[in-house]
Amino acid sequence: MSDTTVPVIRAVPERALPGGAAILLAVALALAVARPVLPELLVRVPDWAIPPYQDWMQALFDFIKDDLGLIHVTRAISAILEWFLDVTANLLYGKNRWPYLGPLPWTAVAAVAAVVGYAVGRWRMALLAGGTFAWIALIGQWDLAMQTLSVIAVAAPTAFMVGLILGILAWKFPRFEAALLPILAVLQTLPFFTYLLPAVIFFKVGPTAGCVATVVYAIPPMVLMTALGLKKVASEVIEAGHMSGSTRWQMLRHVYLPSARTEILVGVNQVIMLSLAMVVLTAFIGMPGLGAKLLSLMNSLKLGRSFEIGVTIVLIAVTLDRISKAWVVKQPVHFERGTPWWERNRLLLIALGAFVGCILIAQFVPLANEIDRKHELSMGSEIDTVIRAVLANETIDAATAWLRGFLTVSVLIPFRDAVLWLPSLSVIFILAAAGYAVGGPRSALLAGGFFAIVALTGWWDRAMITLYTVLSAVVIAAAVGLPLGMLAARRKKWAQPVLLICDTAQTFPSFIYLIPAIMLFGVNDVSVIFAIFIFATVPLMRYTIEGIRAVPEELLEAADMSGATRSQKLWKVQIPFALPTMAIGFNQAIMFAFFMVIIAAFIGTQDLGQELQRTLAGNQLGKNFVLGMCVALMALTFDHIIMRWSATRRKVLGV
């Protein structure tokens, strides 16, 4: 009997550190060791050597705004947007402007939402959609929620249309795409405060500025998904369109766009979710609604009412996410020629009937029109009492106090001091070495160059505090998320519920994560780390599960045939194969952490986020942009290094 060779995958042999990377790392270590005797010039860029980027950018913005007259164009656009916002505001919560029809009864909105839910996902989705709007009304948050949704109703369609057009242009013209992609990459990594100040200056404070900032923030995924979908259209479909004699417009309208439907609808889902996330954050520039109320309540530490509003935001997010995802999966329904109009549009007629019926009922039943304060089911004060009782529990108080003290004294302060102590050149060379190791000289120049620009802005220490916060949170998130992801991936009955939890958690607006952090740890660095940790754990768990589950069955069977134990199969087969996917999870965790650390400035930090928040108080566009670029450049550095490593690893594994 001949021996059979079993093709068990092995971990890719670790290569020695490339010579260039080793040299760069040696220089970085030498600079760190020699720190006490280094001249100040090599420790930090002196003030006299820092170019006045902020003044240059401010002069550029002033020139564009005043001398070129962009402010007049933006104010004209602002007037158009304000008209649309007045219409949606009037319909949803009764702002006294044209068309003077609002506000719509809460029962009418809930009924239409239920029918829409049924149309895309049957009864469970109908219950979720209708129940969400019923909750909003019964809990006494209808006006706040409608103020938020009135902006989303304008911002999301605008972002969709602009993103669709840009995506089509990027697909059609490669040079346009090459110029657009770096801009989209920067837009996706800029902190949200960088969107807010230009929106306030060029547009009006309040809903208009919030709508503009939301549109700009939500456009990138729509552009990328549209271009991706159009590029993936099968050649057979294109040939069939040409053979039928279609014009260029008919090809786009009837061939390309329908074939790219799935990717375009995924873009729509991302637009809706980013719009909701941003419209909550625009509370910092006077946008009314759920975000403004949540910000006010958290400022006064009324955590019970904050919790209720947080639940409302989460329910809206989950509802919009589930409905838009169900729309992606649902295939178009086709009817035979001659099918009556009423049968083809049955659900539309049901929605219209429910809408009109609820409006008529609301004329005679006041509670069907509006829930007054006497009938609200809000339990904010009761929740506050429960929270205070829980936090006053000696065991919980002792545990959180010990954890806060341990992390602060033994982990966070030493790590922060070490990062701040390192010479800026040492950090730059470390990043350059990492870049060289994964991508050669070009990646080294890119990674080191990005951090060198940060050093030349004069905000190095603030940037390092931001970096220390991000890395601390991601390391803790990895220590928790990776083992949980591995356990869930190895047990099929666990994987689906955990993925469902991850999907749900990713729909939460980021503001929500501050609530448990403040509840448990108060206002300090540990709260910031804890909030980021919760936010960053989700992608680590998700991509670990997805990576391990994607291992081909043939490899697992081969490992079993070779007599591998479960532990050997995990470490020798599943983990090596899953590492490229897990790297994407790390990348997402770091991107989420950079995003969240800016929001955590609300708690009170000493990083770039705090400085960015201060720029909102004045007309400091130059400083705002420079600070935002510092965050974006740091995020892009890690994104480039991790994704380049992941791509190389995939190539080695042949996947």
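**A word on helix α7 (residues 174-189)**
Right, so step 1: The end-to-end C-alpha distance of α7, which contains 16 residues, comes to 23 Å, matching closely the 22 Å that a straight helix rising 1.5 Å per residue would cover.
Right, so step 2: At L180, α7 is bent by approximately 25°, the largest bend along its length, and proline P182 sits one to four residues beyond.
Right, so step 3: Among the residues making up α7, those that are buried are E177, L180, L184 and T189.
Right, so step 4: Buried-residue contacts for α7 involve α6 (142-172), α9 (207-231), α26 (566-599) and α28 (621-653).

**Considerations on the side chain of D607**
Right, so step 1: The topology assignment puts D607 in the loop between α26 and α27 (608-615).
Right, so step 2: Looking at D607, its side chain comes within polar contact range of the main-chain nitrogen of G609, at 3.1 Å.
Right, so step 3: Setting aside residues no more than four positions away along its own chain, D607 makes contact with R462, I465, T466 and V597.

**What about the confidence of the model for the protein?**
Right, so step 1: For the protein, the average pLDDT comes to 85, and 97% of its residues sit at 70 or higher.
Right, so step 2: Across the protein, the element-wise mean pLDDT spans from 76 in helix α15 (residues 341-344) up to 94 in helix α20 (residues 424-456).
Right, so step 3: The low-confidence segment residues 1-15 (pLDDT under 50) makes 21 contacts with residues lying over four places distant or belonging to another chain.

**Quick look at the layout of surface pockets**
Right, so step 1: Roughly 1,700 Å³ of volume is contained in the largest pocket.
Right, so step 2: Listing elements by their share of the lining of the largest pocket, those giving two or more residues are α7, α9, α12 (261-281), α14 (303-329), α22 (492-506), α24 (525-549), α26 and α28.
Right, so step 3: If you count residues domain by domain, the lining of the largest pocket takes at least three from each of domain 1 (104-330 + 344-369) and domain 2 (388-422 + 467-653).
Right, so step 4: If you add up the space inside the second largest pocket, you get close to 1,300 Å³.
Right, so step 5: Forming the boundary of the second largest pocket are 38 residues, of which V116, I272, L320, I323 and W327 lie nearest the centre.
Right, so step 6: Secondary structure elements with two or more residues in the lining of the second largest pocket: α4 (70-93), α5 (106-138), α6, α11 (248-259), α12 and α14.

**Section: the packing of aromatic side chains**
Remark: the centre distance and the inter-plane angle together describe each pair of aromatic rings, the angle taken between the planes.
Right, so step 1: Applying the stated rule across the entire model yields 18 aromatic pairs.
Right, so step 2: Plain terms: the ring middles of F61 and F625 are 5.9 Å apart, the flat faces sit at 75° to each other, and that makes the pair edge-to-face. Pair noted here: F61 is in helix α3 (residues 53-67) and F625 is in helix α28, with a separation of 564 residues, a long-range link.
Right, so step 3: In this structure F61 comes out as buried when scored by relative accessible area, which is 18%.
Right, so step 4: Three or more aromatic residues joined by ring pairs make a cluster, and in this case those are Y195, Y217, Y513, F535, F592 and F595.

**Some remarks on unusual backbone geometry**
Right, so step 1: Phi at R122 takes a positive value of approximately 60°, unusual for a residue other than glycine.
Right, so step 2: Checked against the element boundaries, R122 lands in helix α5.
Right, so step 3: With relative accessibility at 46%, the residue R122 sits in the partly exposed group.

**Some words on empty space enclosed by the protein**
Right, so step 1: As enumerated under the stated definition, the model contains 1 cavity of 30 Å³ or more in all.
Right, so step 2: By volume, the largest cavity amounts to about 40 Å³.
Right, so step 3: When residues of the lining of the largest cavity are traced back to their parent elements, those giving at least two are α7 and α9.
Right, so step 4: Among the elements that line the lining of the largest cavity, the one with the most residues is α7, at 4 residues.

Rules used in this analysis
Residues numbered from 1 in each chain as written. Predicted model: local features only at pLDDT ≥ 70, side-chain atom pairs only at ≥ 80, totals over all residues. Heavy atoms only, no water. Helix = DSSP H or I, 4+ residues; strand = E, 2+ residues; numbered from the N terminus. Expected span 1.5 Å × (residues − 1). Bend = angle between axes of the 7 residues up to and from the residue. Buried < 20%, exposed > 50% of the residue type's maximum accessible area, 1.4 Å probe, protein only. Contact = heavy atoms within 4.5 Å. Polar contact = N/O pair within 3.5 Å; in protein donor to acceptor, adjacent residues only side chain to side chain. pLDDT = per-residue confidence, 0-100. 1 Å grid on protein atoms, 1.4 Å probe; cavity = no way out; pocket = protein on both sides within 12 Å on 5 of 7 lines; lining within 4 Å. Points joined across faces, edges and corners; volume = space filled by probe spheres on them. Domains from an automatic or database assignment. Phe/Tyr/Trp six-rings, centres within 6.5 Å; stacked < 30°, edge-to-face > 60°.

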